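# Analysis of the macromolecular model
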Amino acid sequence: MSKRYLFTSESVTEGHPDKICDQISDTILDALLTEDSSSRVAAEVVVNTGLVLITGEITSKTNANYVNIARQKIAEIGYTDAVNGFSASSASVLVALDEQSPDIAQGVNTAQETRQQDSDELFDAIGAGDQGIMFGFACNETPELMPLPISLAHRIARRLAAVRKTGELPYLRPDGKTQVTVAYEDGYPVGIDTILISTQHTESIGEITDEAAIQAKIKEDLWSAVVEPVFGDIEIKPNKETRFFVNPTGKFVIGGPQGDSGLTGRKIIVDTYGGYSRHGGGAFSGKDPTKVDRSAAYAARYMAKNIVAAGLAQKCEVQLSYAIGVARPVSIFLETFGTGKLDDEALLDLVKDQFELRPAGIIHVFNLRNLPSERGGRFYQDIAAYGHFGRNDLDLPWERTDKVELLKQLVTQSLSAAIA
């Protein structure tokens, strides 16, 4: 008997209060790394009605204007009208920043391996910026090797923002959330059970002022302008059984920071795999790449994606763990959920040495300190909304599958040796 179940993932638009904070944090990171690639950054942002608070720990040679950075990003997102209760020009921006703790800095600047003089390798020079666990995941459900529910939720959220910005649906406002429930049979997606979109909108739409008529108009427009284009190139599509909910409370006029406060790092599941894979708990935004919460999560995704892209497994999850001030991972764990060509332990032994997992090595392989300056001063802010993984719209180094042929060769050689 086949096993059937439903799985749901959500996304949010760039105008969601938490995502405003993530984007400001990462815009600060971009600005600091562009001028000083050795900047140490842990930038946290809070937003509420008419208020932006920038706090955290930063050590940098850059003389950044944090107030202007925040206002410019808020305007880019779309909050330019004080009627929304939050706008780039009128919000009060408060800055309360400290320098990085010297107790933390000493372990990052000189890793335990170097202090003990048991290694002369360049990549042993930088220790992990904190202890913790990070997960990376990939599966063959989509071309970008991401789970289908989060992939669809992101696509719908990005399309929702696009039709607002182009003026196709001019009554939309920046805040919005999406959610997609996918039906699975025996571990494979087979249908779209439910689509949910909650989107901020104006009080009236043209001459339409009746609340029920407004919501009917929004639902009709979102289906034709958002949902249908998103599913245009996807094999699994909504059908007559698919439920479609729009603004289930009845209306969504008060939104953004006026409707709810926001905080950096509060959408970690949206940023990763939509709950389909495990999560170590660490957020990404506002952190420079010496923080393994960010860089090691990218490395784990790179490892898992190349394994799946090479056809060595249909699903792969990688866990890394670190100790503060130590360069090499404390542990590496790999699981293919019974879909691997080799058993998990053998596969890990075969491939782990092909991936750089020390902080300095990850930074070097992905060029994480220099990417903002190479890309016109913006890199991290562009991944602060709509997910850090599976982004075919951006050239992200951890999304490349340049290890595929090497991994195939290693597994072929291993299987041949076993037969011999």
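Attention here is on the structure that accompanies the text. Model, not experiment: these values are computed from the prediction.

So, about the overall build of the protein chain. Assigned secondary structure in the protein chain consists of 13 helices and 11 strands. The C-alpha atoms of the protein chain give 23 Å as radius of gyration, which agrees with the globular expectation for 420 residues (22 Å, within 12%). A principal-axis box enclosing the C-alpha atoms of the protein chain has dimensions of 75 × 60 × 30 Å. When burial is assessed residue by residue, the protein chain has 54% of its 420 residues classed as buried. Surface accessibility of the protein chain: about 17,700 Å² in total, with carbon and sulfur atoms responsible for 49%. Side chains of the protein chain carry 41 positive and 57 negative charges; the gap between the two charge centres is 2 Å.

A word on the environment of T142. Within the element layout of this structure, T142 appears in the loop between β5 (132-139) and α5 (148-165). A relative accessible area of 7% places T142 in the buried class. Spatially, the C-alpha atoms of T142 and I234 are 9.0 Å apart, while their sequence positions differ by 92 residues. Setting aside its immediate chain neighbours within four residues, T142 contacts P147, L148 and S151. Within the structure, T142 has its side chain in polar contact with the backbone oxygen of M146 (distance 2.8 Å).

The subject of this paragraph is the packing of helix α9 (residues 292-309) against helix α11 (residues 359-366). Interhelical geometry of α9 versus α11 gives an angle of 65 degrees and a closest axis separation of 10 Å. At the point where α9 passes α11, the crossing takes the left-handed sense. For the pair α9 and α11, contact is made by V292, S295, A296, Y298, A299 and Y302 and by P359, I362 and F366, respectively. Across the contact of α9 with α11, the residue classes break down as eight nonpolar, one polar and no charged.

A separate point is the nonpolar core. Counting 104 residues, the largest nonpolar core has V52, L222, I307 and W398 as the members making the most contacts within it. Aside from chain neighbours lying at most four places away, what touches W398 is Y298, R301, Y302, F366, L368, F379, I383, H388 and F389.

So, on to the pattern of salt bridges. By the definition in use, this model includes 29 salt bridges. Residue K352 pairs with D349 through a salt bridge whose shortest N-O separation is 3.9 Å. Judged by its relative accessible area of 30%, K352 is partly exposed. Linked by salt bridges that have partners in common, K73, E76, R378 and D382 make up one network.

Helix length check: helix α6 (residues 211-230), at 20 residues, gives a terminal C-alpha distance of 27 Å against a target of 28 Å (1.5 Å per residue), a fit within 8%. I214, Q215, I218, D221, L222, A225, V226, V227 and V230 are the residues of α6 that are buried. Of the surrounding elements, those touching the buried residues of α6 are α5, β6 (172-185), β7 (188-201) and β8 (243-246). Where α6 begins, the capping side chain belongs to D210, and its oxygen is found 3.3 Å from the backbone nitrogen of A212.

Attention now goes to the state of the cysteines. Going through the model one piece at a time under the given rule, you end up with zero disulfides. Unpaired in this structure, C139 has its nearest cysteine sulfur neighbour in C316, at a distance of 11 Å.

This paragraph deals with helix α2 (residues 66-77). Under the 1.5 Å per step criterion, the end-to-end length of α2 is 17 Å for 12 residues, consistent within 8% with the ideal 16 Å. For α2, the set of buried residues is Y66, I69, A70, K73, I74 and I77. The arc that holds the buried residues of α2, viewed along the axis, is 125 degrees, so those residues lie on one side. Of the surrounding secondary structure, the elements contacted by the buried residues of α2 are α1 (17-35), β3 (51-59), β4 (92-98), α5 and β6. The first or second residue beyond α2 is G78, which carries a positive phi of 130 degrees.

Rules used in this analysis
Residues numbered from 1 in each chain as written. Predicted model: local features only at pLDDT ≥ 70, side-chain atom pairs only at ≥ 80, totals over all residues. Heavy atoms only, no water. Helix = DSSP H or I, 4+ residues; strand = E, 2+ residues; numbered from the N terminus. Rg over C-alpha atoms; globule rule 2.2 N^0.38 Å. Buried < 20%, exposed > 50% of the residue type's maximum accessible area, 1.4 Å probe, protein only. Areas by Shrake-Rupley, 256 points an atom, 1.4 Å probe, with all protein chains shown as cover. Lys, Arg positive; Asp, Glu negative; His and termini not counted. Charge placed at Lys NZ, Arg CZ, Asp CG, Glu CD. Contact = heavy atoms within 4.5 Å. Polar contact = N/O pair within 3.5 Å; in protein donor to acceptor, adjacent residues only side chain to side chain. Axes fitted to C-alpha atoms, helices over the stretch in contact; angles between N-to-C directions. Left-handed = near helix turned anticlockwise from the far one by under 90°. Nonpolar A, V, L, I, M, F, W, Y, C, P; charged D, E, K, R; others polar. Core = buried A, V, L, I, M, F, W, Y, C linked by side-chain atoms within 4.5 Å. Salt bridge = Lys/Arg side-chain N within 4 Å of Asp/Glu carboxyl O. Expected span 1.5 Å × (residues − 1). Disulfide = S-S within 2.5 Å. Arc of directions from axis to C-beta.

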